[in-house]
Amino acid sequence: MKALTTTALATLATLGLAGVASAEIKIGATLSETGPAAFLGDPEAKTLKMLVEKANAAGGINGEQIELVLYDDGGDPNKARTFATRLVEDDEVAAIIGGTTTGTTMSIIPVAEDAEIPFISLAGAVEIIDPVKAWVFKTPHTDRMACEKIFGDMKARGITKIGMISGTDGFGASMRKQCLDVVGTYGIEVLADESYGPSDADMTPQLTNIKNTTGVEAVLNAGFGQGPSIVTRNFQQLAVGLPLYQSHGVASKSFIDLAGAGAAEGVRLPGAALLVADLLPADDPQKPVVEAYTKAFTETYNEPVSTFGGHAYDAFQILTEAIERAGSVEPEAIRDAIEATSGLVGTGGVVTMSPEDHLGLDLSAFRMLEIKDGNWTLVQ
């Protein structure tokens, strides 16, 4: 197997436009380019378009050109299901990348499983790959891993009693469940447990309840989308004065911008190496990969990278590398090759999958980050 560091750098170094050629390998995608999850789906879509163009300019996969068939589901699970069905039945794609959110992912899974076609999700909930489903994989760290990383950091800081506030969307509800399931193993007690809806514009009442709960030493927000930014602003406005942790679902510069650098100051969250590429030591195996992707994306779009685009990058590399090794676009051959992925260095970590593990990352793939002076820093 070719090391991804070599493959990725060679792919991303090709800056010329791809020549027009008949596509022989179809890769499908349904992403939330617009709608409430656009801050996730937009960089995912841009990443896939960029990588397909660059891969084709470099000769495609095993000499065959790639066609990306991409639909925008707007974050609507029903549309995602419809588009997944279209990708399978009408477009006859070899595999599907997508499911920007947990909700859209869960609607795509039955389509992929029924059609027996590989599907690589870009969403966070652990239930996507636990229990293992024959045709379903994912690239982001799970919400359960995020809970474990956060609670490990809290324990190291001597925090034993916390308040939680969670979104009621698919991701927020799943992460809340996972956090409550593992919190006790870290000797931490949840004294307050609040929630908010996807369209709520003010979380002051919930945060006031947490602030007024005797004994709370830190606050954890399990959520993504606009909610965490509002929570962060309200948290500062109420002068709660406690450590605030967010999920990996907000690991992009847009979160800092929406919350306001002043309000986000000191917030901690688990994130990928991609966000701190310049801070990684020279011998970190992810450094050349995240630097190459960062350079290519920023030069192509004049925008900062986010971990969400990184999820799409990893999915594309996992899929294309599997097709290359399989020497086939038959679904079962691709699926088996994905399961055999070993030591593939991506933006999210070093991926080693198996028939029993369709994520391929362990807790060491997460970095604990803290926002300082409006930017990401590594917690030592």
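See the structure printed just above.
Calculation notes
Residues numbered from 1 in each chain as written. Predicted model: local features only at pLDDT ≥ 70, side-chain atom pairs only at ≥ 80, totals over all residues. Heavy atoms only, no water. Helix = DSSP H or I, 4+ residues; strand = E, 2+ residues; numbered from the N terminus. Rg over C-alpha atoms; globule rule 2.2 N^0.38 Å. Buried < 20%, exposed > 50% of the residue type's maximum accessible area, 1.4 Å probe, protein only. Contact = heavy atoms within 4.5 Å. Areas by Shrake-Rupley, 256 points an atom, 1.4 Å probe, with all protein chains shown as cover. Lys, Arg positive; Asp, Glu negative; His and termini not counted. Charge placed at Lys NZ, Arg CZ, Asp CG, Glu CD. Pairing = 2+ DSSP bridges. Axes fitted to C-alpha atoms, helices over the stretch in contact; angles between N-to-C directions. Core = buried A, V, L, I, M, F, W, Y, C linked by side-chain atoms within 4.5 Å. Parallel < 35°, antiparallel > 145°, perpendicular 65-115°, else oblique. Left-handed = near helix turned anticlockwise from the far one by under 90°. Nonpolar A, V, L, I, M, F, W, Y, C, P; charged D, E, K, R; others polar. Salt bridge = Lys/Arg side-chain N within 4 Å of Asp/Glu carboxyl O. Expected span 1.5 Å × (residues − 1). Arc of directions from axis to C-beta. Polar contact = N/O pair within 3.5 Å; in protein donor to acceptor, adjacent residues only side chain to side chain.

Engineer: Run through the overall build of the protein chain, naming residues and quoting values.
Structural biologist: Secondary structure summary: the protein chain contains 13 helices and 14 strands in total. Radius of gyration (C-alpha) of the protein chain: 20 Å, near the 21 Å computed for a compact globule of 380 residues. Its C-alpha atoms give the protein chain principal-axis dimensions of roughly 65 × 45 × 35 Å. Looking at the protein chain residue by residue over its 380 residues, the buried ones come to 55%. Sequence separation of at least 24 residues holds for 70% of the intrachain contacts in the protein chain that already meet a minimum separation of 6. Taken as a whole, the protein chain presents about 14,200 Å² of accessible surface, with 50% of it coming from carbon and sulfur. Of the side-chain charges in the protein chain, 27 are positive and 50 negative, and the distance between the mean point of each set is 6 Å.

Engineer: Go over the sheet that holds strand 4 (residues 119-121) with me, naming the residues and quoting the values.
Structural biologist: Strand order in the open sheet formed by five strands is 2-1-3-4-5, and the pairing between neighbours is parallel. The strands lining the two open edges of the sheet, one partner per strand, are strand 2 (66-72) and strand 5 (136-138). Going from strand to strand, the sheet's axes swing by 25 degrees on average, the running direction of each strand aside. Examined bridge by bridge, strand 3 (residues 95-98) and strand 4 share three bridges and lie parallel to one another. Directly across from Gly98, in strand 4, lies its bridge partner Ser121.

Engineer: Tell me about the nonpolar core, residues and numbers included.
Structural biologist: In this structure, Phe151, Met154, Met175, Leu220, Leu319 and Ile338 are the most contacted members of the largest nonpolar core, which totals 117 residues. In terms of residues, this core owes the most to one element, helix 12 (residues 307-326), which gives nine residues. In this structure Met154 touches Ile159, Ile162, Ile188, Ala218, Leu220 and Tyr245, once residues within four positions along its chain are discounted.

Engineer: Report on the packing of helix 5 (residues 143-156) against helix 6 (residues 170-182), specifying residues and quantitative values.
Structural biologist: In contact at an axis separation of 8 Å, helix 5 and helix 6 are set at 50 degrees when each is read in the N-to-C sense. Classified by the angle their axes make, helix 5 and helix 6 are oblique. The handedness of the crossing between helix 5 and helix 6 comes out as right-handed. Contact with helix 5, carried on its side by Asp143, Arg144, Ala146, Cys147, Glu148, Ile150 and Phe151, involves Phe171, Ser174, Met175, Gln178, Cys179, Asp181 and Val182 of helix 6 and no other residues of that element. Of the residues belonging to the contact of helix 5 with helix 6, the class tally is eight nonpolar, two polar and four charged.

Engineer: Give a detailed account of the pattern of salt bridges, specifying residues and quantitative values.
Structural biologist: This structure, assessed with the given rule, holds 14 salt bridges. Put simply, Asp181 and Arg144 hold a salt bridge, and the shortest N to O gap is 2.9 Å. Here Asp181 is found in helix 6, whereas its partner Arg144 is found in helix 5, with 37 residues between them in sequence. Look at Asp181 and you get partly exposed, because its relative accessible area is 49%. Residue classification places Arg144 among the partly exposed positions, given a relative accessible area of 25%. The partner of Glu291 in a salt bridge is Lys287, with the nearest N and O atoms 3.2 Å apart. With Glu291 and Lys287 both in helix 11 (residues 287-301) and four residues apart, the pair spans about one turn of that helix. Look at the salt bridges and you will find they share partners, linking Asp42, Lys46 and Glu303 into a network.

Engineer: Break down the environment of Ala322 for me, citing the residues and quoting the values.
Structural biologist: Relative to the helices and strands, Ala322 is located in helix 12. Spatially, the C-alpha atom of Ala322 lies 36 Å from that of Pro228, the residues being 94 residues apart in sequence.

Engineer: Run through helix 6, naming residues and quoting values.
Structural biologist: Compared with an ideal rise of 1.5 Å per residue, which puts 13 residues at 18 Å, helix 6 spans 19 Å between its outermost C-alpha atoms and is within 8% of the ideal. For helix 6, the set of buried residues is Phe171, Gly172, Ser174, Met175, Gln178, Cys179 and Val182. The arc enclosing the buried residues of helix 6, seen along the axis, measures out at 165 degrees, which places them on a common side. Looking at the buried residues of helix 6, the elements they touch are helix 4 (102-115), helix 5, strand 6 (161-167) and strand 8 (218-222). Capping the start of helix 6 is the job of one residue whose side-chain oxygen sits 3.0 Å from the backbone nitrogen of Phe171: Asp169.

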